[in-house]
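Structural features, examined
Here are the chains, one letter per residue:
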Amino acid sequence: MRCRKCGAKAVMNMRQHKLALCKEHYLEWLPEQVERAIEKYAMFGREERILVAVSGGKDSLSLWDILHRLGYKTEGLYIGLGIDGGVDYSVASGERCKQFASQRGLNLQLVDIAEVYGASIPEAAGISNRGRGKPCSLCGMVKRHVMNRVARDGGFDVLVTGHNLDDEVAVLMQNTLHWAGGYLVRQAPVLPASHPGLARKAKPFCRTYERETAAYALLRGIDYIYDECPHAVGSTTLYYKDVLNEMEAKRPGAKLQFYLTFLEAKEAGLFALRPEPEVLNACETCGQPTSAPGKCAFCRLWDKVHEVKEASVPQQPQPA
Ligand code: Q46
Ligand code: ZN
Ligand code: ZN
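Below you will find a few notes about this structure.

**What about the coordination of the zinc ion (ligand 3)?**
All of the protein donors around the zinc ion (ligand 3) are Cys283 (SG), Cys286 (SG), Cys296 (SG) and Cys299 (SG); their distances to the metal are 2.3 Å. Because the angles between the 4 donor atoms bound to the zinc ion (ligand 3) fall within 106 to 114°, the donor set is best described as tetrahedral. Each donor residue of the zinc ion (ligand 3) lies on one chain, and together they are spaced C-x2-C-x9-C-x2-C. For the pair Cys296 and Cys299, a shared accessibility class is recorded, and that class is buried.

**A few points about the coordination of the zinc ion (ligand 2)**
All of the protein donors around the zinc ion (ligand 2) are Cys3 (SG), Cys6 (SG), Cys22 (SG) and His25 (ND1); their distances to the metal are 2.1 to 2.3 Å. Coordination at the zinc ion (ligand 2) is tetrahedral, judged from the 4 donor atoms that bind it and the angles of 98 to 114° they form at the metal. Since its relative accessible area comes to 40%, Cys6 is described here as partly exposed.

**Here's the deal with the side chain of His145**
Inspection of the secondary structure puts His145 in helix H6 (residues 136–153). With near-sequence residues (within four places) excluded, His145 lies in contact with Cys286, Gln288, Cys296 and Phe298.

**Notes on the sheet that holds strand E6 (residues 158–160)**
A sheet is described by the order of its strands in space; here 6 strands give the open sequence E5-E4-E3-E6-E8-E7, paired in mixed fashion. Whereas interior strands pair on both sides, the edge strands pair on one side only; in this sheet they are strand E5 (108–112) and strand E7 (190–191). Pairing of strand E4 (residues 73–80) with E5, which is carried by 5 bridges, proceeds in the parallel orientation. Bridging across to E5, Leu77 finds its partner in Gln109. Along the sheet face, helix H2 (residues 58–69) touches strand E3 (49–54), E4, E5 and E6 and points at about 155° away from the line of E3.

Definitions and cut-offs
Residues numbered from 1 in each chain as written. Chains lettered and ligands numbered in written order. Predicted model: local features only at pLDDT ≥ 70, side-chain atom pairs only at ≥ 80, totals over all residues. Heavy atoms only, no water. Donors = N, O, S within 2.8 Å, 3.2 Å for Na, K, Ca; no water. Tetrahedral: all angles 85-135°; square planar, octahedral: opposite > 155°, others 65-115°. Buried < 20%, exposed > 50% of the residue type's maximum accessible area, 1.4 Å probe, protein only. Helix = DSSP H or I, 4+ residues; strand = E, 2+ residues; numbered from the N terminus. Contact = heavy atoms within 4.5 Å. Pairing = 2+ DSSP bridges. Axes fitted to C-alpha atoms, helices over the stretch in contact; angles between N-to-C directions.

Structural data, given as structure tokens:
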């Protein structure tokens, strides 16, 4: 197969676009696609300060690389979750992010959950779920809180994440199968800052296939962590990704079409439901928005973790 632009040997074939490209032209093409998505959905501009949430994986590091090359003002945020899973997952992924940033002279903020809040994600989940189930919903809540806090405290204009098209369509399929209207109306390439404590959020890879971000990372020589978080194994998201991959194999472009027609249908008013202007209160401890008055779920979690940990500290024997 030959590159459509120069006729050299192609290294990447995007069947959905009927486009094959050589290494050089692929490394040019993907950033152009990302720039188009940023402009089409009015995600952010060149004068704005962008906080890129990085996990050490191919998506977030490729995204940071592309935004930096395109001339956007970026800084990174890595959240150390304290997940080991037999592969030292968090330590290895944190190392990839630090190396990436230092090679490019970029600023990376590090937030280690155990250091800052007193317990790792698995430990906090063990306390709050009493060891049952996966730590994912708690982990998601903690990550959202920390990303918002760092974006707000650092005066960033926008928070970007490396969610790719495969991630977006997996969520879309799940929400569609459940007719989860509230989630469907909020699923979008960019979410405005709807409250003073919340950052604008954008997903510049929302139209980019996972295999395209992986190819970019490999061809660009980005050292990323191949392992998924060990807790992702068996998740419903991975199940939907498998189903969608089967559809894509039979009908190239199926995922992209599903996502783009969803956005068009929403734009055309197919969903009569409009995002509810939520009445939010400021958490009395951290100030982040919360639906119930008093403390937010994040602060209540750490109160409980600290209470349980303090109660389990063995009492020092009193000197006679
Ligand atoms: S990092 Fe956290 Fe994910 Fe791992 S514990 Fe679950 S939510 S799977 S994106
Ligand atoms: Zn070429
Ligand atoms: Zn709070």
